[in-house]
Amino acid sequence: MPYLYPLNRRRFLKVMAGGVAAVMVTGFVSPFGGGRKEVFRLALMSDTHVPEDPENAYRGFFPYRNLREGVRQVREAAPDLLVVTGDLARLEGHPGDYRTMRDLLVPLASKVPVAMALGNHDVRENFLKAFPDGPGDRMPVRGKYVLVIEHPMMRLVLLDSLVFTNLAPALGLLGKAQREWLEGFLRDHTDKPVFLFLHHTLDDSDGSLADADRFLRIVTPSRHVKAVFYGHSHVYSIQQQEGLHLVNLPAMGYNFREKDPVGWVEAGLSARGARLTLHTVAGSHARNGEEIQLNWRN
Ligand SMILES: [Zn+2]
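Predicted, not measured: the structure shown is a model, and the values here were computed from it.

Structural notes on the overall build of the chain
Each helix and strand counted, the chain has 6 helices and 13 strands in total. Within the chain, buried positions represent 56% of all 298 residues. When contacts within the chain are restricted to residue pairs at least 6 apart in sequence, long-range pairs at least 24 apart make up 67% of them.

Regarding the packing of aromatic side chains
The description of an aromatic ring pair rests on the distance of the ring centres and on the angle between the ring planes. One pass over the structure, following the stated rule, counts 8 aromatic pairs. Relative to Tyr-145, the ring of Phe-127 lies with its centre 5.2 Å away and its plane at 70 degrees, an arrangement referred to as edge-to-face. Of this pair, Phe-127 sits in helix H4 (residues 124–130) while Tyr-145 sits in the loop between strand S4 (137–138) and strand S5 (147–150), and the two are 18 residues apart along the sequence. In this pair, the class of Phe-127 matches that of Tyr-145, namely buried. Counting every residue linked through ring pairs, the aromatic cluster contains Tyr-98, Phe-127, Phe-131 and Tyr-145. Of note, Arg-65 hangs over the ring of Phe-62, and the distance from its end group to the ring centre comes to 3.6 Å.

A word on helix H2 (residues 63–77)
Compared with an ideal rise of 1.5 Å per residue, which puts 15 residues at 21 Å, H2 spans 21 Å between its outermost C-alpha atoms and is within 8% of the ideal. The set of residues buried in H2 consists of Pro-63, Tyr-64, Asn-66, Leu-67, Gly-70, Val-71, Gln-73 and Val-74. For H2, the secondary structure elements touched by its buried residues are strand S1 (40–45), helix H3 (95–105), strand S11 (261–269) and strand S12 (273–283). Once H2 finishes, Ala-78 follows within two positions and takes phi at roughly 45 degrees, a positive value.

What to know about the pattern of salt bridges
Taken as a whole and judged by the stated rule, the model has 14 salt bridges. In this structure, Arg-124 engages Asp-160 in a salt bridge whose closest nitrogen and oxygen atoms are separated by 2.7 Å. Here the residue Arg-124 occupies a position in helix H4, and Asp-160 occupies one in the loop between strand S6 (155–158) and helix H5 (176–188), the gap between them amounting to 36 residues. Each member of the pair, Arg-124 as well as Asp-160, carries the same accessibility label: buried. Connected via shared salt-bridge partners are Glu-150, Arg-155, Asp-191 and Lys-192.

About the thresholds
Residues numbered from 1 in each chain as written. Predicted model: local features only at pLDDT ≥ 70, side-chain atom pairs only at ≥ 80, totals over all residues. Heavy atoms only, no water. Helix = DSSP H or I, 4+ residues; strand = E, 2+ residues; numbered from the N terminus. Buried < 20%, exposed > 50% of the residue type's maximum accessible area, 1.4 Å probe, protein only. Contact = heavy atoms within 4.5 Å. Phe/Tyr/Trp six-rings, centres within 6.5 Å; stacked < 30°, edge-to-face > 60°. Lys NZ or Arg CZ within 6 Å of the ring centre and 35° of its normal. Expected span 1.5 Å × (residues − 1). Salt bridge = Lys/Arg side-chain N within 4 Å of Asp/Glu carboxyl O.

Right under this line is the structure:
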């Protein structure tokens, strides 16, 4: 299967041919904005841990209610796209978990596309049955669910670090095929900033991304990659490595420590940087509304 970018363009033009009068000023078109748009407005979530049973609780948190409230807030914020970086399902990736999640996302359906990556509590096949069509284009990486989403100003890549479901340690792996695909992709697509999304943390603990070193060796020198977003730890924190921003998103389902927020992050991405705003729905609300400005490396 070849790269699917031309399809993206064709699909978009087909939509435009439906009667909307639009003139493309630049050569590039995408489903977002339909032309040059300075800011790509994202809602970022992670670790929703949606149970099939709405009354399922953990540590006093109700992941069902938290996502329902998050969806209400995202709908109100009306971003261009919602990205969820894995651990979508409660623990074992049951089909019913994804059905419940799909039901919870219904209020967004007509307004905000939802792109999802997979975590160590997901099952790829069950996820794909509930969500057969993600936004953007699925890339030809064997056995993995990899999406590329084009915007006039930038490119988002959702990677797949799911290797074992619900095991301890909860490690993730991109694997050789995906790393090689990513390396080639980054080499061939240098005209716009790239943002990467995956589930697993990138430190050296046993439950993190097992090939984090090899991943960072590809990504860090690729100066057009500006930031990597991930979840897994249920902690909201931001680091930098050689100017590359590493954004650990808070969990949506529950925290592990009382001091951590539970919620989502609104992100306005531009060619120069991003403004992140935290929206809490549970856990510690101390940082609710906190804004962080990131500036991209050159
Ligand atoms: Zn999680």
